[in-house]
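The chain contents come next:
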Amino acid sequence: MFDRDKWQEIFATMRKNKLRTILTALSVMWGTFILIILLASGNGLKNGADSQFKSDAINSIWIDGGQTSLAYKGMKVGRTIQLTNEDVKDIKQKIGNIDKLSSVYQGRMNRVMKYKKETGSFTVRSCMPDHKFLEKAEIISGRFVDQLDFDECRKVCAIGVPVKEALFKNEDPIGKYINVEGVSFKVIGLFTDPGRGDNERIYIPLTTSQKCYNGKNNVNVIWLSTENSAVEVSEKMVTEIQSMLAARHVFNPMDPSAVGVRNNTVEYVKIMNVLSGINIFVWIIGIFTLIAGVVGVSNIMMIVVKERTKEIGIRKALGATPASIVSLVIMESVVVTFIAGSLGVILGMLVLFIAQKIGIDSEYFKDPNVDLTIAFSAVITIVVAGAIAGLIPSIRASAIQPVVALRDL
């Protein structure tokens, strides 16, 4: 293994056959490079999907009103189903496994806001106190809308960082008042949100919004998270909610458009299963690409052994042992695969680094990366495969009889 003469001979052989060595190494390097890029792409898709779901509570259910598409108990098709505060109360009281619950009355979403001489147009989102947990909003300073604000219909708001930067600049917004199209709201908190576009808004109490914007007791969306994240539990909750709302608003429980229901738990599991399938497919493609490279190494080593048949015969005639012949061929194979595999990993990681610097992230593709453990494992695997690829030719070489090898001299 540490025979200096043997290493000198290996590198001398590689230098003597530069083109053959480069072409052999190129196939292995390309396979390793493709594996790294494919794995990074799969992780980028997975991270993008995660960011889409994890900006809000994953184990959540959204319910909004719709229009009936089926006649029911003498009721005509096309009736509008308007959700109300009473629906929210019933869901909270009668449906089990609820962790957090909020409802939203949108009214007109984008409104012009003013503070002193500064003006901006942002979203007004009405909500209940649990909403910050469902949105995963992080309070930077102050507080979020609480139960007392909700019960007393207070004109208070929590604002996102972009709102603060547009209206207050470097001024502390807490305790100040912003004018929202003629209605003044006291700023009680500053928040940041991981969701795309979710920071360009202000949150006010649902009850305040209903009074200020003539919402009566209407709500547009009911949003809740489940205590148990199992798909079966969330699907059972959806069925119970649909049945309860059907009884309250008199529509067919099987009507698909009377109320809209989005079960994030089910959607998340579906997408993760698809991405897991893609990841498995990526591994299969990458591994077969590596195998193709290793087969190329094996074929080249067979050619090398055939070319050096006479040389091997002379070695054996001078007393070389079969083990020394085997080790010589295997070591040459390992050296080529190790160098090529390492270069493939380095090149792949370099391309990923450049891609991240350029900024290829999008809404559905984020942070393409590969665990270094996987990268090193790929190199080790390719080295072991290279050793195995060189084993068969080396065994054949060790079995050559000196008389046969020297016959044509």
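You'll find the structure just up there.
About the thresholds
- Residues numbered from 1 in each chain as written.
- Predicted model: local features only at pLDDT ≥ 70, side-chain atom pairs only at ≥ 80, totals over all residues.
- Heavy atoms only, no water.
- Helix = DSSP H or I, 4+ residues; strand = E, 2+ residues; numbered from the N terminus.
- Buried < 20%, exposed > 50% of the residue type's maximum accessible area, 1.4 Å probe, protein only.
- Contact = heavy atoms within 4.5 Å.
- Areas by Shrake-Rupley, 256 points an atom, 1.4 Å probe, with all protein chains shown as cover.
- Patch = residues over 30% accessible without salt bridge, like charges linked within 9 Å, V, L, I, M, F, W, Y side chains within 5 Å.
- Salt bridge = Lys/Arg side-chain N within 4 Å of Asp/Glu carboxyl O.
- Pairing = 2+ DSSP bridges.
- Axes fitted to C-alpha atoms, helices over the stretch in contact; angles between N-to-C directions.
- Polar contact = N/O pair within 3.5 Å; in protein donor to acceptor, adjacent residues only side chain to side chain.
- Phe/Tyr/Trp six-rings, centres within 6.5 Å; stacked < 30°, edge-to-face > 60°.
- Lys NZ or Arg CZ within 6 Å of the ring centre and 35° of its normal.
- Disulfide = S-S within 2.5 Å.
- Parallel < 35°, antiparallel > 145°, perpendicular 65-115°, else oblique.
- Left-handed = near helix turned anticlockwise from the far one by under 90°.
- Nonpolar A, V, L, I, M, F, W, Y, C, P; charged D, E, K, R; others polar.
- Expected span 1.5 Å × (residues − 1).

Caption draft 1: A look at the overall build of the protein. Along the backbone of the protein there are 13 helices and 11 strands. A buried classification covers 44% of the 409 residues belonging to the protein. In the protein, the proportion of contacts linking residues at least 24 apart, taken out of those at least 6 apart, comes to 79%. As displayed, the protein has an accessible area near 21,000 Å², and 60% of this comes from carbon and sulfur atoms.

Caption draft 2: Representation of a nonpolar patch on the surface. Together, Ile280, Trp283, Ile284, Ile287, Phe288, Ile291, Val295 and Ile374 make up an exposed nonpolar region whose accessible area comes to about 700 Å². The element best represented in the nonpolar patch is helix H9 (residues 264-307), accounting for seven residues. Relative to the helices and strands, Ile287 resides in helix H9.

Caption draft 3: Here's a closer look at the pattern of salt bridges. The final tally for this structure, using the stated rule, is 14 salt bridges. One salt bridge in this structure joins Asp87 and Arg248, with 2.6 Å as the shortest N-O distance. With Asp87 in helix H3 (residues 85-94) and Arg248 in helix H8 (residues 231-249), this residue pair connects regions lying 161 residues apart in the sequence. Two residues, Glu152 and Arg154, come together in a salt bridge whose shortest N-O distance is 3.0 Å. Given a relative accessible area of 27%, Arg154 falls into the partly exposed group. Taken together, the shared-partner salt bridges in this structure form one network comprising Arg143, Asp146, Asp149, Glu152 and Arg154.

Caption draft 4: Structural view of the sheet that holds strand S11 (residues 259-263). One open sheet accounts for four strands, arranged S2-S10-S1-S11; its pairing is antiparallel. This sheet does not close on itself; its edge strands, each paired only once, are strand S2 (98-104) and S11. The sheet shows a mean angle of 15 degrees between the axes of neighbouring strands, direction not considered. One ladder, built from six bridges, connects S2 with strand S10 (residues 221-226); its direction is antiparallel. Residue pairing for S10: Val104 is matched across the bridge by Val221. Each of S2 and S10 is contacted by H3, which is oriented at about 180 degrees to S2, the strand it contacts most. Along the sheet, H8 contacts strand S1 (60-65), S2, S10 and S11; its crossing angle with S11, the most-contacted strand, is approximately 170 degrees.

Caption draft 5: Quick peek at the environment of Asn252. Here Asn252 shows up in the loop between H8 and S11. Every residue in contact with Asn252, bar those within four places of it in the chain, is listed here: Leu70, Tyr72 and Ala246. A polar side-chain atom of Asn252 sits 2.9 Å from the main-chain amide nitrogen of Met254.

Caption draft 6: Local environment of the packing of aromatic side chains. Overall, the coordinates contain five aromatic pairs when judged by the stated rule. Both rings, one in Tyr115 and one in Phe168, keep their centres 4.3 Å apart while their planes meet at 35 degrees; by these two values the pair is tilted. In this pair, Tyr115 sits in strand S3 (residues 110-115) while Phe168 sits in the loop between helix H6 (161-167) and strand S7 (177-180), placing the two residues 53 residues apart along the sequence. Residues Tyr115 and Phe168 agree in their burial class; the two are buried. Both rings, one in Phe191 and one in Tyr203, keep their centres 5.1 Å apart while their planes meet at 45 degrees; by these two values the pair is tilted. Taken together, the residues span a long stretch of sequence, with Phe191 in strand S8 (residues 183-192) and Tyr203 in strand S9 (residues 201-205) at a distance of 12 residues. Each member of the pair, Phe191 together with Tyr203, is buried. Here a set of aromatic residues connected by ring pairs shows up, and it is made of Phe144, Phe191 and Tyr203. When the ring centre of Phe133 is taken as reference, the NZ or CZ atom of Lys100 above it lies at 4.3 Å. Taking NZ or CZ as reference, Arg111 lies 3.8 Å from the ring centre of Tyr213, over its face.

Caption draft 7: Fine view of the state of the cysteines. Across all of its chains, the model carries zero disulfides by this definition. No disulfide involves Cys153; its sulfur sits 8.7 Å from the nearest other cysteine sulfur, which is in Cys212.

Caption draft 8: Structural detail: the side chain of Asp149. As for its placement among the helices and strands, Asp149 is situated in helix H5 (residues 147-151). Leaving out residues up to four positions away in the same chain, Asp149 has contacts with Arg143, Phe144, Arg154, Val156, Ile188, Pro205 and Thr207.

Caption draft 9: Seen up close, the pairing of S3. A one-sided burial pattern is seen for S3, the buried positions being Arg111, Met113 and Tyr115 and the unburied ones Asn110, Val112 and Lys114. In terms of strand pairing, S3 meets strand S4 (residues 118-127) through six bridges, oriented antiparallel. Looking across to S4, one finds that Arg111 is bridged to Phe122.

Caption draft 10: Representation of the packing of H3 against H8. Orientation of H3 relative to H8, taken along the N-to-C sense of each, is 140 degrees, at an axis distance of 11 Å. One way to sum up the angle between H3 and H8 is to call them oblique. Handedness of the H3/H8 crossing: right-handed. For the pair formed by H3 and H8, the contact residues are Glu86, Asp87, Asp90, Ile91 and Lys94 on the first element and Ile241, Met244, Leu245, Arg248 and His249 on the second. Split by residue class, the contact of H3 with H8 holds four nonpolar, one polar and five charged.

Caption draft 11: Broad picture of H8. Its 19 residues place the ends of H8 27 Å apart at the C-alpha level, agreeing with the 27 Å of an ideal helix rising 1.5 Å per residue. Turning to H8, its buried residues are Val233, Ser234, Met237, Val238, Ile241, Met244, Leu245, Ala246 and His249.

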